[in-house]
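# Structural features, examined
Residues per chain, in single letters:
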Amino acid sequence: FRKEINRNEVFSMKKKFIDKGTPLIIAEFGCVGIADDSTRKEYYNYYVSTKKKRGIKCFVWDNNKAKGEDGYGIIDRKSMKWNNTLLEGIISGAE
């Protein structure tokens, strides 16, 4: 992922909403399952932490499909087991 694009996006959103007193929530975002879990963890950590620093709240998209171009799964709903690597990235970004 390209961090400089994300940074510019965050500064633009902060200026347009947060700085004017309007709360902002990013309702659905994710990192597709074609990347390996360590890359996805890094992405989640970076994405959530940069938004948090600017007062923006995030909700992670999960479609129960762990791998592939349309796979955003973080929890397997059949086994009720989390992908702990991804969960760690999300949580550490939010701390």
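Small disclaimer: the values here were computed from a predicted structure and weren't measured. (Residues numbered from 1 in each chain as written. Predicted model: local features only at pLDDT ≥ 70, side-chain atom pairs only at ≥ 80, totals over all residues. Heavy atoms only, no water.)

It is worth spelling out unusual backbone geometry at this point. For Asn64, which is not glycine, the phi torsion reads 65° and is therefore positive. Its location among the elements puts Asn64 in the loop between strand S2 (57-60) and strand S3 (75-76). Owing to a relative accessible area of 34%, Asn64 belongs among the partly exposed residues under this scheme. Phi is positive for Met80, close to 60°, though the residue is something other than glycine. (Helix = DSSP H or I, 4+ residues; strand = E, 2+ residues; numbered from the N terminus. Buried < 20%, exposed > 50% of the residue type's maximum accessible area, 1.4 Å probe, protein only.)

Two elements in contact, helix H2 (residues 37-53) and helix H3 (residues 84-94), have axes whose closest approach is 7 Å; the angle formed by their N-to-C orientations is 20°. Considered as vectors, H2 and H3 are oriented roughly parallel to each other. Two packed elements cross with a definite hand, and for H2 against H3 that hand is right-handed. Across the interface between the two elements, Asp37, Arg40, Lys41, Tyr44, Asn45, Val48, Ser49 and Lys52 from H2 touch Thr85, Leu86, Glu88, Gly89, Ile90, Ser92, Gly93 and Ala94 from H3. For the contact of H2 with H3, the residue count by class is 5 nonpolar, 6 polar and 5 charged. (Axes fitted to C-alpha atoms, helices over the stretch in contact; angles between N-to-C directions. Parallel < 35°, antiparallel > 145°, perpendicular 65-115°, else oblique. Left-handed = near helix turned anticlockwise from the far one by under 90°. Contact = heavy atoms within 4.5 Å. Nonpolar A, V, L, I, M, F, W, Y, C, P; charged D, E, K, R; others polar.)

On to the confidence of the model for the protein chain. Overall, the prediction assigns the protein chain a mean pLDDT of 90, with 95% of residues at 70 or greater. The element-level mean pLDDT for the protein chain is lowest in helix H1 (residues 3-16), coming to 81, with H3 highest at 97. (pLDDT = per-residue confidence, 0-100.)

Applying the stated criterion across every chain, the model contains 4 aromatic pairs. Here Phe29 and Tyr44 contribute two aromatic rings whose centre-to-centre distance is 5.9 Å and whose plane-to-plane angle is 65°, an arrangement assigned as edge-to-face. Of the two residues, Phe29 sits in strand S1 (residues 25-29) while Tyr44 sits in helix H2, which places them 15 residues apart along the sequence. Residue class for Phe29 comes out buried when judged on its relative accessible area of 6%. Overall, Tyr44 belongs to the buried group, its relative accessible area being 0%. Ring pairs connect the aromatic residues Phe29, Tyr43, Tyr44 and Tyr47, which therefore count as one cluster. (Phe/Tyr/Trp six-rings, centres within 6.5 Å; stacked < 30°, edge-to-face > 60°.)

One finds Ile26, Phe29, Tyr43, Tyr44 and Ile56 to be the most contacted residues of the largest nonpolar core, which totals 14 residues. Listing elements by their share of this core, those giving two or more residues are H1, S1, H2 and H3. Once residues within four sequence positions are removed from consideration, Phe29 is found in contact with Tyr43, Tyr44, Tyr47, Val48, Cys58, Phe59, Val60 and Trp61. (Core = buried A, V, L, I, M, F, W, Y, C linked by side-chain atoms within 4.5 Å.)

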